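One-letter residues, chain by chain:
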Amino acid sequence: MSVPIYRQALGAEFSRLQPELQEYFSLAPGSGHYGVGEGTFDVVGCRQRWLRPLLRLTGGEEAFFPEYGENIPFRIENHAHQDPFGRSSLTARREIRFPGCTRLFQDTTSATIRTGATQLVDYVGRYRRLVTDLNLSVTLEGRLRGVSEASRLFLGPLRLPLPPALDAKAYAEQWWDPAEGSNGRHRIQVKVIQPQIGLVLVYAGAFDYRLRPYSGGSSAQSFLPRYAQPDRWENRV
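A few points about the overall build of the protein chain
1) Next: If you tally the helices and strands in the protein chain, you get 3 helices and 11 strands.
2) Next: Its helices and strands taken in sequence order, the protein chain reads α-α-β-α-β-β-β-β-β-β-β-β-β-β from the N to the C terminus.
3) Next: Relative to the compact-globule value of 18 Å for 237 residues, the protein chain shows a C-alpha radius of gyration of 17 Å, a close match.
4) Next: Considering only C-alpha atoms, the protein chain reaches an extent of 50 × 45 × 40 Å along its principal axes.
5) Next: Looking at the protein chain as a whole, 49% of its 237 residues qualify as buried.

Concerning the pattern of salt bridges
1) Next: Per the counting criterion, the structure on display carries 21 salt bridges.
2) Next: Its salt-bridge partner being Glu-38, residue Arg-75 comes within 3.5 Å of it at the nearest N-O pair. Here Glu-38 lies in strand β1 (residues 33-45) and Arg-75 lies in strand β2 (residues 68-82), a separation of 37 residues in the sequence.
3) Next: The partly exposed category is assigned to Glu-38, whose relative accessible area is 30%.
4) Next: The closest approach of N and O atoms between Asp-133 and Arg-152, which form a salt bridge, is 2.9 Å. Highlighted residues: Asp-133 in strand β6 (residues 130-138) and Arg-152 in strand β7 (residues 144-155), separated in sequence by 19 residues. Note on accessibility: Asp-133 and Arg-152 belong to one class, buried.
5) Next: Because the salt bridges share partners, they merge into one network encompassing Glu-38, Arg-75, Glu-77 and Arg-210.

Some points on the packing of aromatic side chains
1) Next: The final tally for this structure, using the stated rule, is 12 aromatic pairs.
2) Next: Above the face of the Phe-105 ring, Arg-94 is positioned so that its terminal group lies 4.6 Å from the ring centre.
3) Next: Taking NZ or CZ as reference, Arg-143 lies 4.1 Å from the ring centre of Trp-175, over its face.

Considerations on a nonpolar patch on the surface
1) Next: Together, Leu-155, Leu-158 and Leu-160 make up an exposed nonpolar region whose accessible area comes to about 240 Å².
2) Next: Structurally, Leu-158 is set in strand β8 (residues 158-161).

Things to note about the state of the cysteines
The bond known as a disulfide is covalent and runs between the sulfur atoms of two cysteines.
1) Next: This structure, assessed with the given rule, holds 0 disulfides.
2) Next: With no disulfide of its own, Cys-46 has Cys-101 as its nearest cysteine by sulfur position, at a separation of 14 Å.
3) Next: Residue Cys-101 is classed as partly exposed on the basis of its relative accessible area, which comes to 28%.

Notes on the environment of Gln-48
1) Next: Here Gln-48 lies in the loop between β1 and α3 (52-57).
2) Next: C-alpha separation for the pair Gln-48 and Val-200, spaced 152 residues apart in sequence, amounts to 7.4 Å.
3) Next: Discounting residues that sit within four places of it in the chain, Gln-48 has contacts with Ile-197, Gly-198 and Leu-199.
4) Next: A distance of 3.3 Å separates the side chain of Gln-48 from the backbone oxygen of Ile-197, its partner in a polar contact.

A look at the side chain of Gln-106
1) Next: Mapped onto the secondary structure, Gln-106 falls in strand β4 (residues 101-114).
2) Next: Within the structure, the side chain of Gln-106 is placed 2.5 Å from the side chain of Glu-62, a separation counted as a polar contact.
3) Next: Among the polar contacts listed, one links the side chain of Gln-106 to the side chain of Arg-128, at a separation of 2.9 Å.
4) Next: In this view, Gln-106 contacts Glu-62, Ala-92, Arg-93, Arg-94, Val-124, Gly-125, Arg-126, Arg-128, Ala-228, Gln-229 and Pro-230; residues no more than four positions away in its chain are not counted.

A closer look at the environment of Tyr-68
1) Next: Residue placement: Tyr-68 occurs in strand β2.
2) Next: By relative accessible area, which is 26% here, Tyr-68 ends up partly exposed.
3) Next: Taking the C-alpha atoms as reference points, Tyr-68 and Val-202, separated by 134 residues in sequence, lie 9.0 Å from one another.
4) Next: Those residues within four positions of Tyr-68 in sequence are excluded, and the remaining contacts are Val-43, Val-44, Gly-45, Cys-46, Arg-47, Arg-52 and Phe-98.
5) Next: Looking at Tyr-68, its side chain comes within polar contact range of the side chain of Arg-47, at 3.3 Å.

Some points on the environment of Gly-217
1) Next: Here Gly-217 lies in the segment after β11 (198-213).
2) Next: A C-alpha to C-alpha distance of 8.1 Å links Gly-217 and His-33, two positions 184 residues apart in sequence.

Cut-off values and rules
Residues numbered from 1 in each chain as written. Predicted model: local features only at pLDDT ≥ 70, side-chain atom pairs only at ≥ 80, totals over all residues. Heavy atoms only, no water. Helix = DSSP H or I, 4+ residues; strand = E, 2+ residues; numbered from the N terminus. Rg over C-alpha atoms; globule rule 2.2 N^0.38 Å. Buried < 20%, exposed > 50% of the residue type's maximum accessible area, 1.4 Å probe, protein only. Salt bridge = Lys/Arg side-chain N within 4 Å of Asp/Glu carboxyl O. Phe/Tyr/Trp six-rings, centres within 6.5 Å; stacked < 30°, edge-to-face > 60°. Lys NZ or Arg CZ within 6 Å of the ring centre and 35° of its normal. Patch = residues over 30% accessible without salt bridge, like charges linked within 9 Å, V, L, I, M, F, W, Y side chains within 5 Å. Areas by Shrake-Rupley, 256 points an atom, 1.4 Å probe, with all protein chains shown as cover. Disulfide = S-S within 2.5 Å. Contact = heavy atoms within 4.5 Å. Polar contact = N/O pair within 3.5 Å; in protein donor to acceptor, adjacent residues only side chain to side chain.

Taken by themselves, the reported measurements are silent on function.
Quick look at the structure:
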């Protein structure tokens, strides 16, 4: 079975994660299982009303969305697999259940090799047109921190790196909170910040997580359920 991509990227630092986080990020291609998380976002979406009409135009990308809410239920599925180009990957599919509509937010994180080290690259949205580098670190408390930066757009044959003045960075932190609920829960907080605009998107909440076997027991490393596949794959970095 393949080495999980977060273990590849973190190396020895992986063992410093909280044990519950190590388990969460140990899903690997060929395991025959996928992860399911269900919980509630304390806050989720775009707080800036003036920005919401613009985000409404991008809603079909399944990457950003114009709604904002509090105490919003959500579900996440994590699928470890090899992408069509042979890279070890993790595809996440989120359902955010706002009153009156459910928004999908999906991405695939793939392990690539740069200068002899593993670099995680995140392909965002149903068409995987937005691509960022994902840089990881482990806090003294054993939490996982990630910063998505150096964004670029792939539009047909064009590769368009976003200049720093236009680029938005995503700051994420995930940890296990033993005081949450009766048995402890995972917590996550993500902020997407653009230098000229400020806070574009935020979500923060808690969830329970478990592994489920694939229907039919598929353990092929390239297996990814059809409903979790994007409309388009991207090989370029």
